[in-house]
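# Descriptive structure summary
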Amino acid sequence: MIVLLVGSGGREHALAWKIVQSPTLTRLVVAPGNPGIGALAEVRPVRADDVEGLLALAREIAADLVVVGPEAALERGLADRLAEAGIACFGPTASAARLESSKAFTKAFADRWSLPTAEYVVITSMEGITPALKRFKPPYVIKADGLAAGKGVQIIDSETDADAWAAVMNMLGGALGKAGARVVMEAFMEGEEASMFALCDGVTAIPFGQAQDHKRAHDGDTGLNTGGMGTYSPAPVLTAAVAEAAFEQMVEPTVRGMAVEGSPYRGVLYAGLMIGAGGPRLVEYNARFGDPECQVLMLRLESDLLPYLHAAATGGLADLPAPRWRDEAAICVVLAAEGYPEAPRTGAVIEGAEADFGPDVVVFHAGVARDAEGRLVAAGGRVLNVCARGETLGQARDRAYAAVACIRLPGGFHRTDIGWRALQRPG
Ligand code: GLY
């Protein structure tokens, strides 16, 4: 099978690492890729949001399957253009990708299909702000409707309404471009967040792993929100009963509902869950694998990934056996550039990342480039993903942090407490 993989981050490095292990793969091309991906596959300098460029590349290499990592090209209709060209795509059409690209769409869809989630209002003008603030109480949860590169959600917990009013006004006023033209305000949900994944082929959905992310920049879950500073899998908070409830109450009705409404969902559906006393509730959907959740899923996946991606794109998931997972834990520690997430400094020379850390440790490249002298340098906010497996989460954590200690990223930082919730759990 000839595969075109779209993306350049740690998530795509992890997908490439797993895809090249498939016996059915004949050629893997990645656009635009990164140095780590370049060591595994052919990389081509086509941007991950350049729909026409990606379509031309898929045609040129006669791709049997296009696997889309990030969401931007999906929102712009890459899956639609590939379908017109008769090329299978792992990733939803623009209409189905609204589950990620429009929070207002997803909240209304959740109402129509009775998915458990928080109450909400959609604000489209200044006049709508005060009534919305009267309906909810702090902490106020304020979300830009559209894709906002991780900057679209604010939780405002202050005595007065003034900060929340200003945050909504700022979004409506254009601070996030058209993503903030509509704003969703919703009731704050108590509980613990976790990420659950399902593969969908438009008709059938199958569970495809779960993980827990650490969104805050610093230890103890302090500091600014980020794209994710580390993950681990499995996440004990997602017990079999909770996962089953979430699958039945959210994923299955979503796949059914999207098909009935004329936008069958194909690809991976990432459900961000809040797990509280009343059971799991939907925080948000994403139309892609989580990053860095994907990295720990790939370390734990024992089955060949490619048949699942292909079946999700073309139909037939119901005919595949349930995927097998290693009975081991996996962890990912993100090494971030100085200044991340506000103003990451690029260019720092990385040392030690290409060492052999043994069979249970993999260092995925995220925001990394090679300079003119062939050295690895920081080229983004989240630079490296140091991942490890172990019989226990504690063992995986020790292996990952032993590797972290051997890598130098001048000015960079990482969290030292990835996995703390699971590691502190009794039993
Ligand atoms: N790690 C969170 C996300 O991928 O959205």
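In this report, the structure presented in the accompanying data block is examined. (Residues numbered from 1 in each chain as written. Predicted model: local features only at pLDDT ≥ 70, side-chain atom pairs only at ≥ 80, totals over all residues. Heavy atoms only, no water.)

## Focus on the overall build of the chain
Helices and strands together make up the secondary structure of the chain, namely 14 helices and 21 strands. Its C-alpha atoms give the chain a radius of gyration of 21 Å, near enough to 22 Å, the size a compact globule of 427 residues would have. In the chain, which comprises 427 residues, the share counted as buried stands at 56%. Working note: accessible area of the chain is about 17100 Å², and carbon and sulfur atoms make up 51% of it. Across the chain, the 39 positively charged side chains and the 51 negatively charged ones have centroids separated by 2 Å. (Helix = DSSP H or I, 4+ residues; strand = E, 2+ residues; numbered from the N terminus. Rg over C-alpha atoms; globule rule 2.2 N^0.38 Å. Buried < 20%, exposed > 50% of the residue type's maximum accessible area, 1.4 Å probe, protein only. Areas by Shrake-Rupley, 256 points an atom, 1.4 Å probe, with all protein chains shown as cover. Lys, Arg positive; Asp, Glu negative; His and termini not counted. Charge placed at Lys NZ, Arg CZ, Asp CG, Glu CD.)

## Here we look at unusual backbone geometry
In this chain, A31 is followed by P32 through a cis amide linkage whose omega measures -5°. Mapped onto the fold, P32 is located in strand 2 (residues 27–32). With an omega of 25°, the peptide bond running from D291 to P292 counts as cis. Checked against the element boundaries, P292 lands in the loop between strand 16 (279–286) and helix 11 (293–300). Positive phi values are uncommon outside glycine, yet A62 reaches one of about 55°. Exposure remark for A62: the relative accessible area of 47% places this residue in the partly exposed category. A positive phi angle, close to 55°, is found at D221, a residue other than glycine. Of note, D221 is situated in the loop between strand 12 (216–218) and strand 13 (222–225).

## Overview of the pattern of salt bridges
What the rule picks out here adds up to 30 salt bridges. R81 is the partner of E52 in a salt bridge, and the nearest nitrogen-oxygen pair spans 2.9 Å. Here E52, found in helix 3 (residues 51–60), pairs with R81, found in helix 5 (residues 78–84); they are 29 residues apart in sequence, far enough to count as distant. R81 gets classed as partly exposed once you look at its relative accessible area, which sits at 29%. In this structure, D360 and R399 form a salt bridge, with 3.5 Å as the shortest nitrogen-oxygen distance. Of this pair, D360 sits in the loop between strand 17 (329–336) and strand 18 (361–365) while R399 sits in helix 13 (residues 393–404), and the two are 39 residues apart along the sequence. Judged by relative accessible area, R399 falls into the partly exposed class, the value being 28%. (Salt bridge = Lys/Arg side-chain N within 4 Å of Asp/Glu carboxyl O.)

## What to know about the layout of surface pockets
When its volume is computed, the second largest pocket comes out at roughly 320 Å³. Lining of the second largest pocket is provided by 18 residues; of these, H13, A353, E354, V362 and V363 occupy positions nearest its centre. Counting residues per element, the ones that place at least two in the lining of the second largest pocket are helix 1 (10–19), helix 2 (35–38) and strand 18. If you tally residues by element for the lining of the second largest pocket, the top one is strand 18, at five residues. Taken together, the residues of the lining of the second largest pocket break down into 11 nonpolar, four polar and three charged. (1 Å grid on protein atoms, 1.4 Å probe; cavity = no way out; pocket = protein on both sides within 12 Å on 5 of 7 lines; lining within 4 Å. Points joined across faces, edges and corners; volume = space filled by probe spheres on them. Nonpolar A, V, L, I, M, F, W, Y, C, P; charged D, E, K, R; others polar.)

## Brief notes about the nonpolar core
Counting 81 residues, the largest nonpolar core has L4, V66, I350 and L384 as the members making the most contacts within it. If you tally residues by element for this core, the top one is helix 10 (residues 240–260), at seven residues. If we ignore the near neighbours within four places in the chain, the residues touching L4 are V29, A31, L54, L57, A58, I61, A63, L65, V66 and V67. I37, Y270, L297 and Y340 belong to the second-largest nonpolar core, a separate cluster that totals 49 residues. (Core = buried A, V, L, I, M, F, W, Y, C linked by side-chain atoms within 4.5 Å. Contact = heavy atoms within 4.5 Å.)

## Observations concerning the site of the ligand
What surrounds the ligand is the set D213, G227, Y270, R288, G290, D291, P292 and E293. One nitrogen or oxygen atom from the side chain of R288 is found 2.9 Å from an oxygen atom belonging to the ligand. When the free accessible area of the ligand is taken as 200 Å², the share hidden by the protein chains comes to 89%. Per-class residue counts for the shell around the ligand are two nonpolar, two polar and four charged. (Near = heavy atom within 4 Å. Polar contact = N/O pair within 3.5 Å; in protein donor to acceptor, adjacent residues only side chain to side chain.)

## Observations concerning the side chain of S233
Of note, S233 is situated in strand 14 (residues 230–233). In terms of polar contacts, S233 uses its side chain to reach the backbone carbonyl oxygen of Q210, at 2.7 Å. Of the polar contacts made by the side chain of S233, one reaches the side chain of R300; its length is 2.9 Å. With sequence-adjacent residues up to four places away left out, S233 is seen in contact with Q210, A211, V296, L297, R300, E328, A329 and A330.

## Observations regarding the sheet that holds strand 6 (residues 120–123)
With respect to topology, four strands assemble into an open sheet ordered 6-9-7-8, the strand pairing being antiparallel. Unpaired on one side and paired on the other, strand 6 and strand 8 (153–156) mark the two borders of the sheet. Strand-to-strand, the axes of this sheet are offset by a mean angle of 20°, without reference to chain direction. (Pairing = 2+ DSSP bridges. Axes fitted to C-alpha atoms, helices over the stretch in contact; angles between N-to-C directions.)

## Regarding the sheet that holds strand 16
Read across the open sheet, the eight strands follow the order 16-15-10-11-14-17-21-18; overall the sheet is antiparallel. Because the sheet does not close on itself, it has two edges, and the strands there are strand 16 and strand 18. Neighbour-to-neighbour, the strand axes of this sheet turn through a mean angle of 25°, independent of strand direction. When strand 18 meets strand 21 (residues 382–390), the two strands line up antiparallel, connected through five bridges. Within the sheet, the bridge partner assigned to V362 lies in strand 21 and is C387.

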